[in-house]
Amino acid sequence: MIFISFVLITALIAFISWFKTKDEKNNAKGYFLAGRGLTATVIGFSMVLTSLSTEQLVGVNASSYVSNFSIIAWTVQSIIPLCVLAIYLLPRYLKGGFTTIPEFFEERYDKQTREIMSALFLIAYTFIMIPGALYSGAIAFTKIFNVEAMFGVSFNVALWGVVWLIGIIGGIYAIFGGLKAVAVSDTLNGFALIIGGAMIPFFALKYLGEGSIVKGIDIVTTTHLDKLTAWGGVTDPVPWTTIFTGILIVNFFYWTTNQAIIQRALAAKSLAEGQKGILYAGVFLLFLPFMLNVPGLISFHIFGDSLKTIDLAYPVLVSKVLPKPLLGFFTACLFGAILSTFNSFINSAATLFCYDIYKPVFKKDISDEDLIKIAKIAGTIIAIISMIIAPLLQYGTGGLFLLLKRFAGFFNIPIVALVTVGFLNRTISGKAARIVVFLHIILYYSLVWIFKIQINFTHVMGGLFIFDIVAMYILGNIFKRKTPYVQSVKNKSDVDLTSWKYVREFSAFLIIGLVYLYTVLSPMGLAGGNRLGKITVVFIILMIIILFIINKIKKNEIVKTRR
């Protein structure tokens, strides 16, 4: 029955996705950018589902199981770059008509810089991000379905089999359907995941409270209070100081320059729809701790330190507390999240290869039909390589989530540095940018793996970001552009660039919500055994004041414009 319900739900989502996209025109704009016709809801759900996979469901809950809530810095803090993307960067990306982020690097720096950054993206997707999503998904799927016992095979064999099952099905979406099929399936899976993800803490609290959710809540909020803080100490997975250094920079990379995320916003039917979709994703992020951290905390209360590996905290909890009739539905939700991340990164990797490497280097006048064929071949090769690498991640140490973040430091920091300098400076050349990228890779590897300096790797990321910026300005005085960079005034995307009228107010609401969350998860709130009434009232008043100030600023701007 579990398997049947899983297959039915997965097949239904696949059918609806096919039905919604079967009449799409088979051209490059439709395949890579969904014809620039995505709405806010589709953009928001697709961005969240691309980022939210079992890498986090397994990895973040594992961190909360063994430590505290400090790991939320990798997720909820993303609200800040999302607001920057909506207000500042997206208007410029759309105005430039970019299909890929490296296209901006060519316009701002030069062709060689674009090719190098595209290569970094492709290496990261093929060897880190896609295998990570596949591996974490396979672990959860294998444990929840008990694939080992079902087929009488070892864990390693089961893991390899599930990885390839996920890869083949996800590849069909990405390789043959294009971005529109990916985005539509993401939206459907997003609705399902909200329901399915919320079920786990609900049933887990009920199990912990021996049938009473209220009793379960009382247990987790009155015992082991040290686990309820988001302000990590020196020995925690995320020390609080890293919130303001490397983690912030990495989140800026992921949400403002990462092709797999940005491609949805670049496909918006208008700037306003793109901004709304981005900020809708921010609302979802505010509630992620309920899905990504609370189950890990409850798992600790139920199992203590009895689990063999911390990455089993989430899948074992699901198997323990979820009623069997709902297991098929939840597994379909989980499978959808895995597929979403996998097929989104495959689609984006194929887009990067076609637009940034194949077309400009090998065949500039290639037809749309041939370009799509090349994309399908590239996507297939990337998928196969990723499926080979994914099971090998089981031999990593320290938890999957932080392992992948550590390796990501090779490419995410220099990408953010190049975008930042690209918008803030007009004269630094591509040669200066390329030198800094190579210096960054050498320094990061040396500090983290050779010298193994005894500070959190996110501090290394933050320090190297500053180094990258300073080095680019120093080298930029030696290697300058022949002419200062100025973005074209022409709208190259052919979409309406009128901003959403509530973009500032909504952004302020999200930032205040983020500060509120960190206050609740601190010694001032739950970690100190305090009630939340006074804190909530203060933040409501603060929100009203800030919204009033924003409204006054907007009125003054309107008056100045009319003058």
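Residues numbered from 1 in each chain as written. Predicted model: local features only at pLDDT ≥ 70, side-chain atom pairs only at ≥ 80, totals over all residues. Heavy atoms only, no water.

1. Looking at the overall build of the chain
Within the chain, the regular secondary structure consists of 24 helices and zero strands. Its C-alpha radius of gyration of 23 Å places the chain within 12% of the 24 Å reference for a compact globule of 563 residues. Burial status across the chain gives 58% buried among its 563 residues. Carbon and sulfur atoms provide 68% of the accessible area of the chain, an area that totals close to 23,100 Å². On the chain, the mean spot of the 47 positive side-chain charges and the mean spot of the 27 negative ones are 6 Å from each other. (Helix = DSSP H or I, 4+ residues; strand = E, 2+ residues; numbered from the N terminus. Rg over C-alpha atoms; globule rule 2.2 N^0.38 Å. Buried < 20%, exposed > 50% of the residue type's maximum accessible area, 1.4 Å probe, protein only. Areas by Shrake-Rupley, 256 points an atom, 1.4 Å probe, with all protein chains shown as cover. Lys, Arg positive; Asp, Glu negative; His and termini not counted. Charge placed at Lys NZ, Arg CZ, Asp CG, Glu CD.)

2. Considerations on the pattern of salt bridges
Where charged atoms of side chains with opposite charge meet at close range, the side chains can pair. A complete count under the given rule lists six salt bridges for this structure. With a shortest N-O distance of 2.4 Å, E106 and R114 are connected by a salt bridge. K373 is the partner of E369 in a salt bridge, and the nearest nitrogen-oxygen pair spans 4.0 Å. Here the residue E369 and the residue K373 both occupy positions in helix 18 (residues 368-389), the gap between them amounting to four residues, near one helical turn. Taken together, the salt bridges that share partners define one network made up of E106, R114 and D356. (Salt bridge = Lys/Arg side-chain N within 4 Å of Asp/Glu carboxyl O.)

3. Section: the environment of R406
Its location among the elements puts R406 in helix 19 (residues 400-408). Separated by 51 residues in the primary sequence, R406 and F457 have C-alpha atoms spaced 6.8 Å apart. Discounting chain neighbours no more than four positions away, the residues touching R406 are Y444, V448, W449, F457 and M461. (Contact = heavy atoms within 4.5 Å.)

4. Thoughts on the side chain of S270
Structurally, S270 can be placed in the loop between helix 12 (259-266) and helix 13 (271-286). At 3.2 Å, the side chain of S270 and the backbone nitrogen of E273 are in polar contact. (Polar contact = N/O pair within 3.5 Å; in protein donor to acceptor, adjacent residues only side chain to side chain.)

5. Some words on the packing of helix 12 against helix 17 (residues 324-361)
For the pair helix 12 and helix 17, interaxial distance at closest approach is 9 Å and the crossing angle is 85°. If you check the angle between helix 12 and helix 17, you find them roughly perpendicular. Taking contact as the criterion, the partners of Q259, A260, Q263 and R264 in helix 12 are, on helix 17, S344, F345, N347, S348, T351 and L352. Tallied by class, residues from the contact of helix 12 with helix 17 come to three nonpolar, six polar and one charged. (Axes fitted to C-alpha atoms, helices over the stretch in contact; angles between N-to-C directions. Parallel < 35°, antiparallel > 145°, perpendicular 65-115°, else oblique. Nonpolar A, V, L, I, M, F, W, Y, C, P; charged D, E, K, R; others polar.)

6. Digging into the packing of aromatic side chains
The geometry of two aromatic rings is summed up by the distance between their centres and the angle between their planes. Overall, the coordinates contain 29 aromatic pairs when judged by the stated rule. The interplanar angle of 80° and the centroid separation of 4.9 Å between the aromatic rings of Y125 and F345 together place this pair among those described as edge-to-face. In this pair, Y125 is assigned in helix 7 (residues 111-145) and F345 in helix 17, connecting sequence segments 220 residues apart. Through pairs of rings, three or more aromatic residues link up here, namely Y88, Y93, F98, F104, F105, Y109 and F423. Stacked on the ring of Y88, the Lys or Arg R92 has its end atom at 3.7 Å from the ring centre. A cation over a ring is seen here: K227 above F300, with NZ or CZ 4.4 Å from the ring centre. (Phe/Tyr/Trp six-rings, centres within 6.5 Å; stacked < 30°, edge-to-face > 60°. Lys NZ or Arg CZ within 6 Å of the ring centre and 35° of its normal.)

7. Let's talk about the packing of helix 20 (residues 412-424) against helix 21 (residues 430-450)
It is the contact of helix 20 with helix 21, at a shortest axis distance of 9 Å, that shows an interaxial angle of 155°. Here helix 20 lies roughly antiparallel to helix 21, going by the angle between them. Handedness of the crossing formed by helix 20 with helix 21: right-handed. Between helix 20 and helix 21, the residues in contact are I413, P414 and L418 and A433, V437 and H440, respectively. Tallied by class, the residues present in the contact of helix 20 with helix 21 amount to five nonpolar, one polar and no charged. (Left-handed = near helix turned anticlockwise from the far one by under 90°.)

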